[in-house]
Amino acid sequence: MTPQRVPLLASLVVLLAAACTTATDHDGAAPTTVTAPAAAATTPAPATPAAPTSGAPVAGSWRATYGWAVPATPARVTHEVRVPVTPAPGEPLPVLVEVRVGDHPAEGFSRITFAFRGPTPSYQVGYVPQVVTEGRGAPVELPGTAFLSVRFDPAQAHDARGASTADVPPSRIGYPTLRGWAAAGDFEGHLSFGLGLRPPAGGTLPVRLGESTRPDGTHVVAVDVRRG
């Protein structure tokens, strides 16, 4: 091989590698159209666990609202939401518009995000023996051996006709410890989900909660789970 051909081959390798990489957005979660998760850089975890806080995030920012810890009781972050958030015939509550997932091997966690139109609702995340549906209390099927309940209030994921408002990924995620997710209810201003986890040796995994605001004004709540 002549010296002149080496730079050309190296350039082709770089181009092919770039074409095979799946990008994630600034929330650290892949768009719902992505079929293969990919690593992406994100804000580093705080050095010490942060207590749950309240308050609105700054546009374009990401901030942790609950630092890396295993919540002995459900971690709750409170936001004051005045209902209705828009006058009739507008939407009375914050509306879920998107769920995304993303894997971050270099940072050691996997992420699921919930994006809302309107103000950020209050939310609560905690381990439960089994995730059940809002209202009826029916068991929700999830993969894994440990389960997180994720609840938002006040919030909804339907429009005035009862149709879903959210773009969502497949329920089976398949990351090392974050295995899947499922809707658990959209009932009287309470919006619930379940996450199925598979800790390496059973038990529970540390979680982190965070918030950001996209340039379009959409408010995002992130739930991060350690990969091991």
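See the structure shown above.
Residues numbered from 1 in each chain as written. Predicted model: local features only at pLDDT ≥ 70, side-chain atom pairs only at ≥ 80, totals over all residues. Heavy atoms only, no water.

(A) A look at the pairing of strand β4 (residues 109-117). Counted residue by residue, β4 has eight buried out of nine residues, so it is predominantly covered. Hairpin connection of strand β3 (residues 95-104) to β4: four residues between the antiparallel strands, including Gly108 at a positive phi of 85°. Both β4 and strand β10 (residues 219-226) contribute to a ladder of eight bridges, which runs antiparallel. Counterpart to Phe114 in the pairing with β10 is Val221. (Buried < 20%, exposed > 50% of the residue type's maximum accessible area, 1.4 Å probe, protein only. Helix = DSSP H or I, 4+ residues; strand = E, 2+ residues; numbered from the N terminus. Pairing = 2+ DSSP bridges.)

(B) Representation of the nonpolar core within the structure. Among the nonpolar cores identified, the biggest contains 33 residues, and Leu96, Phe114, Phe152 and Leu195 are the most heavily contacted of them. Among the nonpolar cores identified, the runner-up in size contains six residues, and Val131, Phe147, Ala182 and Ala184 belong to it. (Core = buried A, V, L, I, M, F, W, Y, C linked by side-chain atoms within 4.5 Å.)

(C) Layout of the pattern of salt bridges. Inspection of the entire model under this criterion finds 10 salt bridges. Between Arg117 and Glu91 there is a salt bridge, with the nearest N and O atoms lying 2.4 Å from each other. With Arg117 in strand β4 and Glu91 in the loop between β2 (75-77) and β3, this pair connects stretches of sequence that are 26 residues apart. Residue class for Arg117 comes out partly exposed when judged on its relative accessible area of 38%. Glu91 gets classed as partly exposed once you look at its relative accessible area, which sits at 28%. In this structure, Asp103 and Arg227 form a salt bridge, with 2.9 Å as the shortest nitrogen-oxygen distance. Linking Asp103 in strand β3 with Arg227 in the segment after β10, this pair joins segments that are 124 residues apart in sequence. Using a relative accessible area of 7% as the deciding quantity, one classes Asp103 as buried. Each of Glu98, Arg100 and Arg214 takes part in one network of salt bridges that share partners. (Salt bridge = Lys/Arg side-chain N within 4 Å of Asp/Glu carboxyl O.)

(D) Summary view of the sheet that holds strand β6 (residues 146-153). An order of β2-β5-β6-β8-β7 is seen for the five strands of this open sheet, with the pairing classed as antiparallel. A single partner strand is all that each edge strand has here, and the edge strands are β2 and β7 (178-187). On average, adjacent strands in this sheet sit at an angle of 15° to one another, irrespective of strand direction. When β6 meets strand β8 (residues 190-197), the two strands line up antiparallel, connected through seven bridges. Across the sheet, residue Arg151 finds its bridge partner in β8, namely Ser192. (Axes fitted to C-alpha atoms, helices over the stretch in contact; angles between N-to-C directions.)

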